[in-house]
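Observations on the model geometry
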Amino acid sequence: MLAYVLKAMGDDLTAIVGAHVPQFPDGSIFYGGGKNFVLEADEYDGCFLGLSPSVAVVTNLDWEHVDIFEDEDAVKSIFRRFLKQIRVGGHLVICGDSQGARSLLDQIKQDTGLKYSGGVVSNQSSDLWGQGHDYKIITYGFSSFNDWYAESVCPNVQGGSDYILCERGRPLAQISLQIPGVHNVLNSLAVIATVLTLIGDKRQSHESIACLKLPLSKFMGVSRRFDLIGTIYGCHIYDDFAHHPTEVRAVLQAARQRFPNKALIVVFQPHTYSRLVVLKDDFANALSEADQVVVSAVYAARETNDWNFNGKDLAASIIGPPSEYIPCLGNVVDKLALQILRDPHPEIVILTLGAGDVTTVGPKLLHELQTRSQDARH
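Going by an unreviewed UniProt entry, the chain carries the name UDP-N-acetylmuramate--L-alanine ligase and comes from Citrus clementina.

Structure, rendered in structure tokens:
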């Protein structure tokens, strides 16, 4: 979203994004000759410690890579190391509503004794944060204590969200997005805060916000994030990369926003045994917000099952919606096809969730339903 908006505003940037972006000419990369380089990075294996950003945007902090980090404190520790990489005179744009991200701010306040909202953090007095690293912190979120925040968020006719953009108590503009979900409202706030930080001239902020509004409204998202596979018999089939409980909750909220009157059927493929075992209760709670759940076998990736826990155990632990374990994805396609054909005009949305080959289920299901529809006509 940030790269797309900057490009639309005339920035000849370079960008590398960890997903296919349909609106990027080269899929996930922009090549440009300007001074700005937008890079998506994360904490896995400490890879982001090789960066020295002028602006660091921290959207959230969750214990996701449980095979790499022993606990959430270990994740916080490596993020603190990352913040030491911010260049002198740089900026940290951070979600003040994320509990994990906010813990970093609380740590800054504790270690430096300085206020962080809209202020400059000097790390010279703290060994934890290194010496000589001064940067300004900008917060965003839904709460009014953030520097940038959204008010009066509501669904719009495009299936996305409208909201009033506020800066430190001042309403500034009406923002419209076509992509659903409160997480995308937060993403747009991060983009706005970052773009205005890059521009730097507060006298131009109103003009810059006016320029931001159109590209924000036109951004269509990335592949495998609430990605529409197709619609048939009134059944909408979506695919999403969600493989952490926070992501599962986010995509279910987005689906409820866009389709408030349709039943949500989730096909969830757990990704790695270690993540499933550690976060099993959080997964069960997140999936309980669906109307029907199918859990497949675990996509093991780099692991073997040393925990004696699998998708069947997760399905059994989900309280509320009907949940079943179908290990083979091919059988999942058959089951859903039969279910839909029994009621050829269902008011349902099917979400295939996971970081493995569950992404094949949506296209196969769509093809199966189209084939059977053609056979029925003949």
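1. Considering unusual backbone geometry
Of note, the phi angle at R168 is positive, near 45°, even though the residue is not glycine. The residue R168 is located in the loop between β9 (161-167) and β10 (170-177) in this model. We classify R168 as partly exposed; its relative accessible area is 45%. The phi torsion at R224 lies on the positive side, around 65°, for a residue other than glycine. Residue placement: R224 occurs in the loop between α5 (205-218) and β11 (227-232).

2. As for the packing of helix α4 (residues 182-199) against α5
In contact at an axis separation of 11 Å, α4 and α5 are set at 140° when each is read in the N-to-C sense. When the axes of α4 and α5 are compared, the pair comes out oblique. Considering the relative orientation of α4 and α5, their crossing is right-handed. Across the interface between the two elements, S188, V191, I192, V195, L196 and I199 from α4 touch S205, S208, I209, L212 and L216 from α5. In terms of residue class, the contact of α4 with α5 is built from eight nonpolar, three polar and no charged.

3. A word on the state of the cysteines
Tallied over the entire structure, the rule returns zero disulfides. In this structure C95 is not part of a disulfide, and its nearest cysteine sulfur, from C166, lies 16 Å away. For C235, which is in no disulfide, the shortest distance to another cysteine sulfur is to C328 and amounts to 20 Å. Owing to a relative accessible area of 0%, C235 belongs among the buried residues under this scheme.

4. Some words on the UniProt feature "domain: Mur ligase central" (unreviewed entry) in the chain
Cross-referencing UniProt, the feature "domain: Mur ligase central" (unreviewed entry) maps to residues 37-111 and 129-194 in the present numbering. Along residues 37-111 one finds 33% helix and 17% strand; the C-alpha atoms at either end are 31 Å apart.

5. Quick look at helix α6 (residues 245-258)
The first and last C-alpha atoms of α6 sit 20 Å apart over 14 residues, in line with the 20 Å expected at 1.5 Å per residue. Of all the residues in α6, the buried ones are P245, E247, V248, V251, L252, A254, A255 and Q257.

6. Some details on the pattern of salt bridges
Using the criterion set out here, one finds eleven salt bridges in the structure. Linking E368 and R372 is a salt bridge whose minimum nitrogen-to-oxygen distance equals 2.6 Å. Linking E368 with R372, this pair stays in helix α11 (residues 361-377), spanning four residues, or about one helical turn. You can call E368 partly exposed: its relative accessible area is 23%. Exposure remark for R372: the relative accessible area of 25% places this residue in the partly exposed category. Several salt bridges share partner residues, and in doing so they unite R225, D240 and E247 into one network.

7. Notes on the nonpolar core
Among the nonpolar cores identified, the biggest contains 37 residues, and Y140, W148, Y163, L165, I175, I192 and L216 are the most heavily contacted of them. If you list the elements that add at least two residues to this core, you get α1 (2-8), β5 (90-95), β7 (134-141), β8 (148-155), β9, β10, α4 and α5. Per-element accounting of this core gives the leading share, nine residues, to α4. I175 has contacts with S161, D162, Y163, L165, I192, K213 and L216, leaving out every residue within four places of it along the chain. Counting 30 residues, the second-largest nonpolar core is a separate cluster that includes Y238, F259, V266 and A286.

8. Quick word on the sheet that holds β11
Spatial ordering of the open sheet is given by β11-β12-β16-β13-β14-β15, a layout of six strands whose pairing is mixed. In this open sheet, the two strands that pair with only one neighbour each are β11 and β15 (323-325). Strand-to-strand, the axes of this sheet are offset by a mean angle of 15°, without reference to chain direction. In terms of strand pairing, strand β14 (residues 292-295) meets β15 through three bridges, oriented parallel. When the sheet's bridge partners are listed, V293 is paired in β15 with S323. The strands that α6 touches are β12 (235-240), β13 (263-268) and β16 (348-353); relative to β13, the one it contacts most, it runs at about 155°.

9. Quick notes on the domain arrangement of the chain
Much of the literature gives interface size as the accessible area that the parts lose upon coming together. With domains assigned, the chain is organised as domain 1 (1-218) and domain 2 (227-376). Centre-to-centre, using C-alpha coordinates, domain 1 lies 30 Å away from domain 2. The interface of domain 1 with domain 2 comprises 18 residues on the first partner and 14 residues on the second. Carbon and sulfur atoms make up 50% of the surface buried where domain 1 meets domain 2, a total of about 1200 Å² over both sides. Inspection of the domain 1/domain 2 interface yields one salt bridge. For the salt bridge of R302 with D67, the shortest nitrogen-to-oxygen distance reads 2.7 Å. Tallied by class, the residues present in the side of domain 1 that touches domain 2 amount to seven nonpolar, eight polar and three charged.

Thresholds applied
Residues numbered from 1 in each chain as written. Predicted model: local features only at pLDDT ≥ 70, side-chain atom pairs only at ≥ 80, totals over all residues. Heavy atoms only, no water. Helix = DSSP H or I, 4+ residues; strand = E, 2+ residues; numbered from the N terminus. Buried < 20%, exposed > 50% of the residue type's maximum accessible area, 1.4 Å probe, protein only. Axes fitted to C-alpha atoms, helices over the stretch in contact; angles between N-to-C directions. Parallel < 35°, antiparallel > 145°, perpendicular 65-115°, else oblique. Left-handed = near helix turned anticlockwise from the far one by under 90°. Contact = heavy atoms within 4.5 Å. Nonpolar A, V, L, I, M, F, W, Y, C, P; charged D, E, K, R; others polar. Disulfide = S-S within 2.5 Å. UniProt positions renumbered as here; feature names shortened; annotations may be inferred. Expected span 1.5 Å × (residues − 1). Salt bridge = Lys/Arg side-chain N within 4 Å of Asp/Glu carboxyl O. Core = buried A, V, L, I, M, F, W, Y, C linked by side-chain atoms within 4.5 Å. Pairing = 2+ DSSP bridges. Domains from an automatic or database assignment. Buried area = accessible area lost by both parts, 1.4 Å probe.

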